[in-house]
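Okay, here's what each chain looks like letter by letter:
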Amino acid sequence: DAMVIQNPRYQVTQFGKPVTLSCSQTLNHNVMYWYQQKSSQAPKLLFHYYDKDFNNEADTPDNFQSRRPNTSFCFLDIRSPGLGDAAMYLCATSREASSYEQYFGPGTRLTVT
Amino acid sequence: RKEVEQDPGPFNVPEGATVAFNCTYSNSASQSFFWYRQDCRKEPKLLMSVYSSGNEDGRFTAQLNRASQYISLLIRDSKLSDSATYLCVVNPGTGFQKLVFGTGTRLLVSP
């Protein structure tokens, strides 16, 4: 039973061409996160939503935006992908902001050509 | 200095061996500590939380040393299926329950 679903699993986009990654969850968790993970590096938090409240990390580039139209869905928009944005993008959820355990989706691997 | 530092490995061990990983964290106000496991090209999954008193889950034992600001993970009787990257994760105690991940230690268990 998939709990955090990410689509697509693999995405190829061209340099500068906007791309949207999607995440959905069946856990009814209040908090949703987007992480970027490059090869052999730690997952890096980009931003999170607590319910509809959006929280951006200070060092997240403006090129990255997010939308959460409802509890179940969250989107990551990359407005003008650069070669350096090629990475695995992980969506995660937690029940509450005070919850430590985060449940990750399988990730979307983004390639920029 | 990175907030969470780990030896990237890889640690190559035979089946049945005992192996230990350490992790150091820089923020003395950090409140919570975890080990996550990440298989190649897969998502991280929570392995265990790390409590001040230490905790054990089957073959896995986690310890926390607040004075020295390090966390350890001990795996006994290694199995082939233990081959993975082990991520040390810290909540830095900044109010929101943000998790900061280490880069991970890669373990390879061979027959």
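Computed from a prediction, not measured in an experiment: that's the story for all the values here.

Rules of the game
Residues numbered from 1 in each chain as written. Chains lettered and ligands numbered in written order. Predicted model: local features only at pLDDT ≥ 70, side-chain atom pairs only at ≥ 80, totals over all residues. Heavy atoms only, no water. Helix = DSSP H or I, 4+ residues; strand = E, 2+ residues; numbered from the N terminus. Rg over C-alpha atoms; globule rule 2.2 N^0.38 Å. Contact = heavy atoms within 4.5 Å. Areas by Shrake-Rupley, 256 points an atom, 1.4 Å probe, with all protein chains shown as cover. Lys, Arg positive; Asp, Glu negative; His and termini not counted. Charge placed at Lys NZ, Arg CZ, Asp CG, Glu CD. Pairing = 2+ DSSP bridges. Axes fitted to C-alpha atoms, helices over the stretch in contact; angles between N-to-C directions. Buried < 20%, exposed > 50% of the residue type's maximum accessible area, 1.4 Å probe, protein only. Buried area = accessible area lost by both parts, 1.4 Å probe. Salt bridge = Lys/Arg side-chain N within 4 Å of Asp/Glu carboxyl O. Polar contact = N/O pair within 3.5 Å; in protein donor to acceptor, adjacent residues only side chain to side chain. Nonpolar A, V, L, I, M, F, W, Y, C, P; charged D, E, K, R; others polar.

Draft legend 1. Representation of the overall build of chain A in the model. Check the secondary structure of chain A and you find 0 helices and 11 strands. Each helix (α) and strand (β) of chain A, taken in turn from the N terminus, gives the series β-β-β-β-β-β-β-β-β-β-β. Against the compact-globule benchmark of 13 Å for 113 residues, chain A has a radius of gyration of 13 Å, which places it among compact chains. Oriented by its inertia axes, the alpha-carbon framework of chain A measures out at about 35 × 30 × 30 Å. Contacts in chain A between residues at least 24 apart in sequence constitute 56% of all its contacts with a sequence separation of at least 6. Taken as a whole, chain A presents about 5500 Å² of accessible surface, with 48% of it coming from carbon and sulfur. Measuring between centres, the 10 positive side-chain charges of chain A sit 7 Å from its 10 negative side-chain charges.

Draft legend 2. Geometry of the sheet that holds strand β3 (residues 19–25) of chain B. Residue and element names in this part refer to chain B. A sheet is described by the order of its strands in space; here 5 strands give the open sequence β1-β3-β8-β7-β6, paired in antiparallel fashion. A strand with exactly one partner marks an edge of an open sheet, and here the two such strands are β1 (4–6) and β6 (55–57). Here the strands of the sheet are splayed against their neighbours by 20° on average, with no regard to which way each runs.

Draft legend 3. Local environment of the pairing of strand β1 (residues 4–7) of chain A. All names here are of chain A. The two faces of β1 differ: V4 and Q6 on one face are buried, but I5 and N7 on the other face are not. Where β1 and strand β3 (residues 19–25) come together, 4 bridges link them in antiparallel fashion. When the sheet's bridge partners are listed, Q6 is paired in β3 with C23.

Draft legend 4. Spatial organisation of the interface of chain B and chain A. With 17 residues of chain B at the interface, the matching set in chain A holds 22 residues. Taken over both partners, the interface formed by chain B and chain A buries close to 1700 Å², and the fraction arising from carbon and sulfur atoms is 59%. The tally of links between chain B and chain A comes to 0 salt bridges. Where chain B meets chain A, there are 2 residue pairs in polar contact (both at pLDDT 80 or more). Of all the secondary-structure elements, those providing two or more residues to the side of chain B that touches chain A are β4 (32–38) and β5 (44–50) of chain B. Here the element with the most residues in the side of chain B that touches chain A is β4 of chain B; it accounts for 4 residues. Considered class by class, the residues forming the side of chain B that touches chain A number 7 nonpolar, 7 polar and 3 charged.

Draft legend 5. Quick peek at the environment of V31 of chain A. Residues and elements named next belong to chain A. With respect to the helices, strands and loops of the structure, V31 is situated in strand β4 (residues 31–37). A relative accessible area of 0% places V31 in the buried class. Residues V31 and T93 lie 62 residues apart in sequence; the distance between their C-alpha atoms is 5.4 Å. Not counting chain neighbours up to four residues away, the residues in contact with V31 comprise H48, Y49, Y50, R68, A92, T93, S94, R95, E96 and A97.

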